[in-house]
Amino acid sequence: MAAFLEPLLQEQLWYWLETEKGMTVDGEVKLSTGRIDLAAETPDGKYIGIEVKRGSGLEFGSELYEQVHRYIESGVFDELYFASRSVDPLINELENNQSPNVSTLNQASKQIRAAVGSSSTTIKDAKSRIQEEVPERLLNSTKPGQMGSVKSYVYDKLERDVGDESTEATISEGIRYLRRAECPTEIGVIHVPLNLHEVLQDLERVHEPKRAYEPIVRRDAEQLDRTDTPDFERREEPWIRHNVWKKYGGLPEGYLPNVRSSDQSYRPIDLMSFSGGYDPTEILDSGEGKVIGVEAKGESSFDKERLSRQLSEFLTTKSLTHLYLAVPTTLRTKAAQMLDNHEDGENIGLITVDERGDLTTIRDAPHLDFRHDGYMSRYSPQKIGYGDVAIADGREVISPFLTTEEKERIEYSDATERALDLLKDNSKLANNDGWIENEKPTDLYPTEDTFNKEGTARAYLLKGMSAAPYYAGDQPAGSTVSPKEGYVRLSLTEYEVDDEFALKLHFGQGSWEGGYISIVGDQVQTLIDILASFETIQGGSVPGQGKYIDLESFPFDRDQNEPHRVSGGSGDVEPLLLNIEILQNEQDTAARVQLGDEEEQGVDVVMTKIQLFDLLASIAILREGNRRKLPGEYRSYPRIGPSGENTWDIGRDIEQRTNPDPPEEW
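Residues numbered from 1 in each chain as written. Predicted model: local features only at pLDDT ≥ 70, side-chain atom pairs only at ≥ 80, totals over all residues. Heavy atoms only, no water.

### A look at the confidence of the model for the protein
Link 1 in the chain: On average, residues of the protein score 90 in pLDDT, and 93% of them reach the 70 mark or higher.
Link 2 in the chain: The low-confidence segment residues 163-167, where pLDDT is below 50, has five contacts with residues more than four positions distant or belonging to other chains.
Link 3 in the chain: Of the regions scoring below 50 in pLDDT, residues 474-479 engages in eight contacts with residues more than four places distant in sequence or in other chains. (pLDDT = per-residue confidence, 0-100. Contact = heavy atoms within 4.5 Å.)

In structure tokens form, the structure reads like this:
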């Protein structure tokens, strides 16, 4: 979800607090225990802190509870509030459940365990301090996803081996962190409405401060013990941006194309304001209206070299009609000098903001060459400003900016076209039977798990058999099962061994199916030679190393089967051969792939011609070192099915069943 949502809610709430409630407000306020989104002083001298989120604040991995407890510990607020467009989940938690935060609880347990392992504190002492210093209601509450209490969970962690933990943690820090896992009942809740349900509606209420929906206090905050006051800054970036936004409206942190070398195709500008409409496509197409970009800087963030580079990059996108720099009045001279020395300074306007919030335009920005109403992001055109948020009655992007990375991404849009360029007659490498023959390697290199990898680059859904002892559920000790017949996933991952290109081909859904083979250097070339000459040879064997499941020797007892796991560091890596038989006379299949020597071992699968072409093209591109060039318009790695289409939309269940019926389009 686009970055502008959270700062937009923050700006709208700030505006309401100062114009409707008569409060003095500041943003991104520094505290002794962190930084809070908004801090406000009421007319009667109370200080209020507000944490703003674009979502519920309870998403997986959220640290909202921990944040709020830190703000309470700062001692500078009389009341604390949570504000968002989605507040019902937190209200329900406060009034009904009050479940501890899993992320904070896990981190606290690790800190306490580490503290015991790195100091003279004993487990008994730690338990005693936990019992004394942590609220009983928290200790007796149930950890989400488990039957036991928080106390039993923490004590269980404490009893485990602590020898390898960090030596920096203290027991006091761990206990303080544990207390922060509790739902902070002192917090109030403010709903900041935004009409966004798949599509952003009521755009005038989004862009125009005076027309924004009025926030609603859904739950009053409890009184806190304040011992100090927060410091409000009037010469820093939040103050500058807010007052420019208050006058011109628009999208704070609106998206522009990212011209830097990066796999992220967008970057935010402090404010993007629209005039003559809210759709940049309509403005570009009609030639009427403005798309104004404003980069705001405060005294602590004004870095001439960095700022000069930022402004140049914004101009390079040709995605704005006007560009301004906004600074506090105290930086007027420095900013003007910087623009005078900038090679494109005459194309950039300058605005100053004083400590009352009044704006002065020092120099007007001229009209720029406006060419792009959007940008491409992983094959998807997205509007400037809005990013991946669709707008009501929005037109399709007509002139997207293409970053260098996105150009590379679409270079090979078709796998077959790329593979055809790689086809070659390698029959001279084959024996009289048309087989490129190899022996199992005698030397093994470090396993692929010891190297840095980027994760799966490509996957394929292949038909055939796999050794999968648990596909039908746990089996009794001593039992045997037949190979699973159906569909098997092949996952492709690249890495390096001593500066040589290497591949891991993993057959199966996880640790207990099929097997894998890792190949490096000349072994990779052997695989390419076989695939590239499928029209002229009978097949070949690829040497490598790895593991596979053997159903005949597999121990179903969970206490004994760990060495047989095919992922991770369990068990021994062995020299292997991957056999690829070319099926030249088969109509629906192009190759048979076998890992293992017997039917009960590894996998025995077939791939279609289009899958073979995709595999060949993908390996060649990965060896060139640029994943972005992998064929097809996929936002994450695809699972290529027999027809050449991505098959993730049919789910993973097809890999888990015996002989499932394939979709009709196959």
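Resuming the write-up.
### Notes on the sheet that holds strand 9 (residues 251-257)
Link 1 in the chain: Taken in spatial order, the six strands line up as 9-10-11-12-13-14 in an open sheet, and their pairing is mixed. Either end of the sheet is taken by a strand with one partner, and the two such strands are strand 9 and strand 14 (359-363). Strand-to-strand twist across the sheet, computed as the mean angle between neighbouring axes with direction ignored, equals 40 degrees.
Link 2 in the chain: Relative to strand 11 (residues 290-296), strand 10 (residues 266-275) runs antiparallel, the two sharing five bridges. For phenylalanine 274, the partnering residue across the bridge sits in strand 11 and is valine 291.
Link 3 in the chain: Sheet strands in contact with helix 12 (residues 304-316) are strand 9, strand 10, strand 11 and strand 12 (322-328), and its direction is about 65 degrees off that of strand 10. (Pairing = 2+ DSSP bridges. Helix = DSSP H or I, 4+ residues; strand = E, 2+ residues; numbered from the N terminus. Axes fitted to C-alpha atoms, helices over the stretch in contact; angles between N-to-C directions.)

### A short note on helix 3 (residues 88-97)
Link 1 in the chain: Where helix 3 is concerned, the buried positions are Leu90, Ile91, Glu93 and Leu94. One side of helix 3 carries all its buried residues, which in axial view fall inside an arc of 160 degrees. Among the exposed residues of helix 3, those pointing more than 90 degrees away from its buried face are Glu95 and Asn96.
Link 2 in the chain: On its buried face, helix 3 is in contact with helix 2 (64-74), strand 4 (79-84), strand 5 (188-191) and strand 8 (216-219). (Buried < 20%, exposed > 50% of the residue type's maximum accessible area, 1.4 Å probe, protein only. Arc of directions from axis to C-beta.)

### Quick notes on the environment of leucine 323
Link 1 in the chain: Of note, leucine 323 is situated in strand 12.
Link 2 in the chain: According to the relative accessible area criterion, leucine 323 is buried, its value standing at 0%.
Link 3 in the chain: Taking C-alpha positions, leucine 323 is 8.8 Å from leucine 350, a pair spaced 27 residues apart along the chain.
Link 4 in the chain: Residue contacts for leucine 323: discarding those within four places in its chain leaves Ile269, Gly293, Leu311, Phe314, Leu315, Asn347, Ile348, Gly349, Ala365 and Leu368.

### Looking at a negative patch on the surface
Link 1 in the chain: A cluster of acidic residues, Glu496, Asp498, Asp499, Glu500 and Asp522, forms a negative patch on the protein surface.
Link 2 in the chain: Residue position: aspartate 498 is located in the loop between strand 21 (484-497) and strand 22 (500-507). (Patch = residues over 30% accessible without salt bridge, like charges linked within 9 Å, V, L, I, M, F, W, Y side chains within 5 Å. Areas by Shrake-Rupley, 256 points an atom, 1.4 Å probe, with all protein chains shown as cover. Salt bridge = Lys/Arg side-chain N within 4 Å of Asp/Glu carboxyl O. Lys, Arg positive; Asp, Glu negative; His and termini not counted. Charge placed at Lys NZ, Arg CZ, Asp CG, Glu CD.)

### Let's talk about the nonpolar core
Link 1 in the chain: Among the nonpolar cores identified, the biggest contains 73 residues, and Phe4, Leu13, Ile50, Leu200 and Leu323 are the most heavily contacted of them.
Link 2 in the chain: The element best represented in this core is helix 1 (residues 5-19), accounting for eight residues.
Link 3 in the chain: When residues no more than four places from it in sequence are discounted, the contact partners of phenylalanine 4 are Leu200, Leu251, Pro252, Glu253, Gly254, Gly385, Tyr386 and Val389.
Link 4 in the chain: Grouped together as the second largest cluster of nonpolar side chains are 48 residues, Leu462, Leu490, Met607 and Leu622 included. (Core = buried A, V, L, I, M, F, W, Y, C linked by side-chain atoms within 4.5 Å.)

### Thoughts on the side chain of threonine 352
Link 1 in the chain: Considering the arrangement of structural elements, one finds threonine 352 in strand 13 (residues 349-353).
Link 2 in the chain: With a relative accessible area of 4%, threonine 352 lands in the buried category.
Link 3 in the chain: Dropping the residues within four chain positions of it, threonine 352 is found in contact with Val327, Pro328, Thr329, Arg332, Asp358, Leu359, Thr360 and Ile362.

### Concerning the packing of helix 16 (residues 522-532) against helix 17 (residues 609-624)
Link 1 in the chain: Closest axis-to-axis distance for the helix 16/helix 17 pair is 10 Å, and the angle between their directions is 145 degrees. Between helix 16 and helix 17 lies a crossing whose hand is left-handed. Note on element contacts: helix 17 touches helix 16 through Leu612, Leu615, Leu616, Ile619 and Arg623, opposite Val524, Gln525, Leu527, Ile528, Leu531 and Ala532.
Link 2 in the chain: Of the residues belonging to the contact of helix 16 with helix 17, the class tally is nine nonpolar, one polar and one charged. (Left-handed = near helix turned anticlockwise from the far one by under 90°. Nonpolar A, V, L, I, M, F, W, Y, C, P; charged D, E, K, R; others polar.)

### Here we look at the pairing of strand 4
Link 1 in the chain: The element strand 4 is largely enclosed, with a buried count of six among its six residues.
Link 2 in the chain: Going residue by residue along strand 4, you find Glu79, Tyr81 and Ala83 tucked away on one face and Leu80, Phe82 and Ser84 tucked away on the opposite face as well.
Link 3 in the chain: Here five bridges tie strand 3 (residues 47-52) to strand 4, and the two strands are oriented parallel to one another. If you follow glycine 49 over to strand 4, its bridge partner there is leucine 80.

### Quick look at the side chain of glutamate 11
Link 1 in the chain: With respect to the element layout, glutamate 11 can be found in helix 1.
Link 2 in the chain: For glutamate 11, a relative accessible area of 1% puts it in the buried group.
Link 3 in the chain: Among all residues touching glutamate 11, those that are not within four sequence positions of it are Arg241, His242, Trp245 and Pro252.

### A closer look at the sheet that holds strand 1 (residues 24-31)
Link 1 in the chain: Strand order in this open sheet of six strands is 1-2-3-4-5-8, and the pairing throughout is mixed. A strand with exactly one partner marks an edge of an open sheet, and here the two such strands are strand 1 and strand 8. With strand direction ignored, the average angle separating the axes of adjacent strands in the sheet is 35 degrees.
Link 2 in the chain: As defined by bridge partners, strand 4 adjoins strand 5 across four bridges and the pair is classed as parallel. When the sheet's bridge partners are listed, tyrosine 81 is paired in strand 5 with glycine 188.
Link 3 in the chain: On top of the sheet, helix 2 reaches strand 1, strand 2 (34-41), strand 3 and strand 4; it is set at about 150 degrees to strand 4, its chief contact.

### Brief notes about the pairing of strand 15 (residues 374-377)
Link 1 in the chain: Judged by which residues are buried, strand 15 turns out to be covered on both faces: Gly374 and Met376 on one side and Tyr375 and Ser377 on the other are all buried.
Link 2 in the chain: In the sheet, strand 15 pairs with strand 16 (residues 380-383) via four bridges, with the strands oriented antiparallel. Directly across from serine 377, in strand 16, lies its bridge partner serine 380.
Link 3 in the chain: As paired elements, strand 15 and strand 18 (residues 400-401) share two bridges and run parallel to each other. By the bridge assignment for strand 18, glycine 374 is matched with proline 400.

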